Amino acid sequence: MALAAEAADFAGLAKYGLFGALGHQEYLLRAQQQLTGLYEQGLEVHLRVLEAGDFEDYCSALGLDPRAPAARVAYAGDPELAGEPFVYAGEPLVDLLPVLLDDHRARVRMSVACAALLGAVGDDPTGQRRMAAVMRYVTSVYLALAEGAGEGCHLLTLRCHGPEDGEELTSAVDVCVERGHLHPAGRDAEAFCVTLAAGVASGGEGALLLHGDPSAGNGDGPPDRSPDGSSGGPGPGPRVRGWALAGGRLRPMTAHEVFDELADDAARGLPFPPGVVPQPGFRLPDFPGAGAGAGAGGGGGPLG
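These notes cover the structure that comes with them. (Residues numbered from 1 in each chain as written. Predicted model: local features only at pLDDT ≥ 70, side-chain atom pairs only at ≥ 80, totals over all residues. Heavy atoms only, no water.)

What follows covers the overall build of the protein. Each helix and strand in the protein was counted, giving 9 helices and 12 strands. Here the protein holds 304 residues, and 42% of them are scored as buried. Sequence separation of at least 24 residues holds for 69% of the intrachain contacts in the protein that already meet a minimum separation of 6. For the protein, the exposed area adds up to about 15200 Å²; of that, 56% sits on carbon and sulfur atoms. (Helix = DSSP H or I, 4+ residues; strand = E, 2+ residues; numbered from the N terminus. Buried < 20%, exposed > 50% of the residue type's maximum accessible area, 1.4 Å probe, protein only. Contact = heavy atoms within 4.5 Å. Areas by Shrake-Rupley, 256 points an atom, 1.4 Å probe, with all protein chains shown as cover.)

This next bit is on the sheet that holds strand S3 (residues 86-87). The 3 strands are arranged S1-S2-S3 in an open sheet whose pairing can be described as mixed. One side of each edge strand has no neighbouring strand; the edge strands of this open sheet are strand S1 (2-3) and S3. Sheet analysis places strand S2 (residues 46-49) next to S3, joined by 2 bridges and oriented antiparallel. Across the sheet, residue Leu47 finds its bridge partner in S3, namely Phe86. (Pairing = 2+ DSSP bridges.)

Time to look at the nonpolar core. Leu156, Phe192 and Leu196 are the most contacted members of the largest nonpolar core, which has 41 residues in total. Residue assignment for this core shows that the elements contributing at least two residues are helix H6 (93-121), helix H7 (125-149), strand S4 (152-161), strand S5 (169-178), helix H8 (186-201), strand S7 (205-211) and strand S10 (239-246). At 11 residues, the largest contribution of residues to this core is made by H7. Within the second largest apolar cluster, 31 residues are counted, among which are Ala4, Ala31, Ala52 and Ala71. (Core = buried A, V, L, I, M, F, W, Y, C linked by side-chain atoms within 4.5 Å.)

Time to look at the state of the cysteines. Overall, the coordinates contain 1 disulfide when judged by the stated rule. The residue that forms a disulfide with Cys153 is Cys176, at a sulfur-sulfur distance of 2.3 Å. Measuring handedness by torsion sign, the sulfur bridge of Cys153 and Cys176 sits at about 120° and is right-handed. One end of the pair, Cys153, is in strand S4; the other, Cys176, is in strand S5, with 23 residues separating them in the sequence. (Disulfide = S-S within 2.5 Å.)

Turning to the environment of Arg109, a few remarks are in order. Here Arg109 shows up in helix H6. Put simply, Arg109 and Ser171 are 62 residues apart on the chain and 7.0 Å apart in space, counted from C-alpha to C-alpha. Setting aside its immediate chain neighbours within four residues, Arg109 contacts Thr170, Ser171, Ala172, Asp188, Ala191 and Thr195. A distance of 3.2 Å separates polar atoms of two side chains, one belonging to Arg109 and the other to Asp188. (Polar contact = N/O pair within 3.5 Å; in protein donor to acceptor, adjacent residues only side chain to side chain.)

Below, the discussion takes up the packing of helix H3 (residues 52-62) against helix H4 (residues 69-77). Where H3 contacts H4, the two axes come as close as 11 Å, and the packing angle between them is 105°. Classified by the angle between their axes, H3 and H4 sit roughly perpendicular to one another. Mapping the contact onto sequence places Asp54, Phe55, Tyr58 and Cys59 in H3 and Ala71, Arg72, Ala74 and Tyr75 in H4. Looking at the contact of H3 with H4 residue by residue, the class counts come to 6 nonpolar, no polar and 2 charged. (Axes fitted to C-alpha atoms, helices over the stretch in contact; angles between N-to-C directions. Parallel < 35°, antiparallel > 145°, perpendicular 65-115°, else oblique. Nonpolar A, V, L, I, M, F, W, Y, C, P; charged D, E, K, R; others polar.)

As judged from the 2 bridges shared by S1 and S2, these two strands associate in the parallel manner. From the neighbouring strand, Ala2 faces S2, where its bridge partner is Arg48.

Given below as C-alpha cells:
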C-alpha cells in the first residue's frame, strides 16, 4: 500500500482524482481503518510513501495514466521501488507516519548514493570487488566512530560530492552506545555507509562530523585543545569532532576546521549547536593498501 503521508504530496496528487472528495485527514483516517482491518485478518501489509513527484515520474516512464487506479497499484507494488519491505505492525498512523517518512527518506538517500557508488566503481567483476572493499572499509570506519564516540546517543552527519562537479550527497545517523554495545540504527546506518562509500570510491570531497551526546557529559577521553590552541579539558557544551574527506580519503580535522565546518553548515541553514566545543577528530582506519606513511587522509583516492 502506498500512503500519501504528507499534506503537500496529497495535494499534488489530488488533481488526478486519486482520493475523490476526501481531505488529507479524512484520507488518513480511512487508511488507518483499512490497515487495521487487514492487520486483524492476519495479512502482511507492505507500506511505501506515495510521493507526488516520484509517482508522476514513474507513470511517465512506464506510460501509465496517473489517474488510473492501476498506476497507483503498480507504484505501490513495484519491487524496484519498494526495496526491503516496510511492514505494518498494527501501529496507529499518528505514530507510524514519522517512522515511515524517515525510512522513505533513508531509502531515497541510499538509492542516490548507490547510483553514485556504481558509477564510480563500474558494474564489471573488477568494480564489484572494488565495491566490496570500499564497503568493508566504511563499515570499519563506522564502527571506529561509534567506539570513539563512547557512551550515549551521538549524531553523525556527512556531506560529500564527486571531484568533477558531482551531485552533493548527504546523510545522517544516530549512533547510540550503551554499556559498550552499539544499538542497530537500521536504514539510516545503511544509507550513511553507502553515502560514505560513494564519496570514498569517487575520490570525493566533503566533511564528516560527530556530534557528541549533550546529555552524556564530556568526561570521557583525554583532555583536548580548544579552538584557540590552549590546552584544557572538554568544555561544558556538546563536543563536535570532524574529519575532512579529500580525494576520497578521510583525515582528522583540527578544532578550527570543525568550527569552520559548523559555521558553513549554519550558512546553509542548519542550526549552530549551542555551547558547542569543536575538537579535533581522532584517527580512523586507513583504507587497505594505503602506504604506511599516508595516514588517515594522505595520498590519492583509494581506488585510483
